[in-house]
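Spelled out from the first residue to the last, the chains are:
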Amino acid sequence: MTDKYPGLSSYTDRHGKLRWRYRTKERVVGLPAPNQPGFKDAYQAAVEGRKVPKAPVVQMPGAALPGTFGAAFQRLKISVKWLALDDASKRKNMRLIEEFLELRVVPDHPLIWRDVPVKNLRRIHIEELLGRFIATPHKAKHLLVGIRKLVYVALRQDWIEIDPTAAVEWRPAYAGWKAWSREAMARFENRWQLGTAARTCYGLALWLGNRRGDVAGLRWDQRVTRRVFIDGVERHFDGFDIVQRKNKGRTGGKRLFVPITPMLSEILDAADRRGETVLVNAYGQPFSAKSLTGMMAHWRKLAGLPKGLTLHGLRKSLGVYLAEAEASTRQLMDVLGHDDIDHAELYSREASQVRLAVQGMDRVVRLVTRKPMLGEPVGEPRGEPVIKPLINNDNGGAVSRSRTSLCLNFPVRRRKTANFRRFSVSEPIPA
């Protein structure tokens, strides 16, 4: 081999590995092994005294430098918590995280967050990043959640010691989904008669308070009868035994029993029973959860209703009904399947505010003017009866008037005898 390539020699390094080199009096150039690709070009360049151009580095798809946000994302996707998420949550989180990773750290510099070490993240970076999405505050909130997932991975890998997102709070004002008005409900019900898929979908969302995935997957065999003791009386209720699809992969889903109201019973009696699910399309097949969003928009448009009335808005409408009926927060949570009070109060905040404001101001009106309650026709006042002046039936003497006035403020008590009898303050006091 050395005869074919003059100046080529080999040696064993201190690690016991065989190395090759081109050696002359002037220089020593390391070479790849003769059986490796690129040896001939490297040898010829060493003989001619020029440098061998290095091969371009091609980054493989998904590759990431150690300790960076890109590497944290790779580890996040194989974590137990990530695998337990449902498909919709995975798609949402992946879309937001990918958008974050491709953002430039500084607008006029090519460095992106994918290649930034997690240990270099500071609180000010997060606040500046969220400030870019000030026009879409809810997207910024979910983006912060995605960044925190990457930081948690880095904490577990000891890439970072302190979570810089812990002190960042981003709580945009949230009014929730728009509830349907009674006029909108009446127009929808007039357009879609009982037995149609539109009316069945509408009824399930409104009178069970279900999300679209639970509406699409509700089955007839989930209808059960439960025995309940209320105020010591045994009562029997028909209802649906539901396991909510939200967080089903992570926590198993929340299990609910929702009783069937007379309004829903009327809808179920007329529903198409060709399939296993309560809601079926024209071919007797179940709807997909994703398709119900578009279908409700289509049915709403044909009913002549404006945009903004959604399938999830019917769920909020049930929450408003519960609030107007003065259901407790716990009752509202158990019907809608919420785990925290904030979500439950979100559905009832508007209705409760109006009702409590009217009740409070009504008390003021009755206290100040003794007039009818707010919103009631003018007529005989309601509330506490007006105190009428007493009629003095004696001869109008000064003593009798003072004694009558005394009875109004300090009731007269006499020693009980066999001849004791009750007397009103309008009667003259016996001698």
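Residues numbered from 1 in each chain as written. Predicted model: local features only at pLDDT ≥ 70, side-chain atom pairs only at ≥ 80, totals over all residues. Heavy atoms only, no water.

This part is about the sheet that holds strand E5 (residues 233-243). Within a sheet, adjacent strands bond to each other through the backbone by hydrogen bonds, running parallel or antiparallel. Across the sheet, which stays open at both edges, the 3 strands sit in the order E4-E5-E6 with antiparallel pairing between neighbours. Of all strands in the sheet, those bounded by a partner on one side alone are strand E4 (223-230) and strand E6 (255-259). With direction set aside, neighbouring strand axes in the sheet form an average angle of 45°. (Pairing = 2+ DSSP bridges. Helix = DSSP H or I, 4+ residues; strand = E, 2+ residues; numbered from the N terminus. Axes fitted to C-alpha atoms, helices over the stretch in contact; angles between N-to-C directions.)

Scanning the entire structure with this criterion turns up 12 aromatic pairs. Taking 5.9 Å as the distance between ring centres and 55° as the angle between the ring planes, the aromatic pair formed by Trp180 and Tyr202 counts as tilted. Of this pair, Trp180 sits in the loop between helix H6 (137-156) and helix H7 (182-191) while Tyr202 sits in helix H8 (residues 197-208); the two residues are 22 residues apart in sequence, bridging distant segments of the chain. Between Trp207 and Tyr321 the ring centres are 5.8 Å apart and the planes differ by 20°, which places this aromatic pair in the stacked class. One end of the pair, Trp207, is in helix H8; the other, Tyr321, is in helix H13 (residues 311-324), and 114 residues separate them in sequence. The class for Trp207 is buried, based on a relative accessible area of 16%. Taken together through their ring pairs, the aromatic side chains of Tyr5, Tyr22, Phe39 and Tyr43 make up a single cluster. Geometry around Trp192 places Arg191 over its ring, the cationic atom sitting 4.1 Å from the centre. Just above the ring of Trp220 sits the side chain of Arg273; from NZ or CZ to the centre is 3.8 Å. (Phe/Tyr/Trp six-rings, centres within 6.5 Å; stacked < 30°, edge-to-face > 60°. Buried < 20%, exposed > 50% of the residue type's maximum accessible area, 1.4 Å probe, protein only. Lys NZ or Arg CZ within 6 Å of the ring centre and 35° of its normal.)

Further remarks concern the pairing of strand E1 (residues 8-12). For a regular strand, side-chain orientation follows a simple rule: the groups alternate between the two sheet faces. The sheet contact formed by E1 and strand E2 (residues 18-23) spans 5 bridges and is antiparallel. Following the sheet pairing, Ser9 is matched in E2 by Arg21. Connecting the antiparallel pair E1 and E2 is a turn made up of 5 residues, with Gly16 showing a positive phi of about 85°.

Moving on to a nonpolar patch on the surface. A grouping of Met361, Val364, Leu367 and Val368 is seen on the molecular surface, where their side chains present a nonpolar patch of about 420 Å² in accessible area. Residue class for Leu367 comes out exposed when judged on its relative accessible area of 66%. (Patch = residues over 30% accessible without salt bridge, like charges linked within 9 Å, V, L, I, M, F, W, Y side chains within 5 Å. Areas by Shrake-Rupley, 256 points an atom, 1.4 Å probe, with all protein chains shown as cover. Salt bridge = Lys/Arg side-chain N within 4 Å of Asp/Glu carboxyl O.)

This paragraph deals with the confidence of the model for the protein. In regions of low pLDDT, the predicted coordinates are not meant to be interpreted in detail. Overall, the prediction assigns the protein a mean pLDDT of 80, with 78% of residues at 70 or greater. Every residue in residues 392-412 is under pLDDT 50, and counting partners more than four places away or in other chains gives 15 contacts. Counting contacts from residues 422-427, a segment whose pLDDT is below 50, to residues more than four positions away or on other chains yields 8 contacts. (pLDDT = per-residue confidence, 0-100. Contact = heavy atoms within 4.5 Å.)

Among the surface-exposed residues, Lys92, Arg95, Lys141, Arg171 and Lys246 lie close enough to one another that they form a single positively charged patch. Structurally, Lys92 is set in helix H4 (residues 87-101). (Lys, Arg positive; Asp, Glu negative; His and termini not counted. Charge placed at Lys NZ, Arg CZ, Asp CG, Glu CD.)

With that settled, the discussion passes to the nonpolar core. Of all hydrophobic cores here, the largest spans 37 residues; its most connected members are Trp180, Phe188, Leu204 and Phe240. Mapped onto this core, the elements with two or more residues apiece are H7, H8, helix H9 (212-217), E5, E6, helix H11 (262-269), helix H12 (289-302) and H13. The element best represented in this core is H8, accounting for 8 residues. The residues contacting Trp180, other than those within four sequence positions of it, are Met185, Phe188, Tyr202, Met296, Leu305, Leu309, Thr310, Gly313, Leu314 and Ser317. (Core = buried A, V, L, I, M, F, W, Y, C linked by side-chain atoms within 4.5 Å.)

Looking now at the pairing of strand E3 (residues 28-31). Strand direction decides the pairing type here: E2 and E3, joined by 4 bridges, are antiparallel. In the strand pairing of E3, Tyr22 is matched with Val29. Once E2 ends, the chain turns through 4 residues before running back antiparallel as E3.

A few words now on the sheet that holds E2. An order of E1-E2-E3 is seen for the 3 strands of this open sheet, with the pairing classed as antiparallel. Strands with a single pairing partner mark the edges of an open sheet, and in this sheet they are E1 and E3. The mean angle between the axes of side-by-side strands here comes to 40°, regardless of whether they run parallel or antiparallel. Across the sheet, helix H1 (residues 39-48) is in contact with E1, E2 and E3; its angle to E3 comes to roughly 175°.

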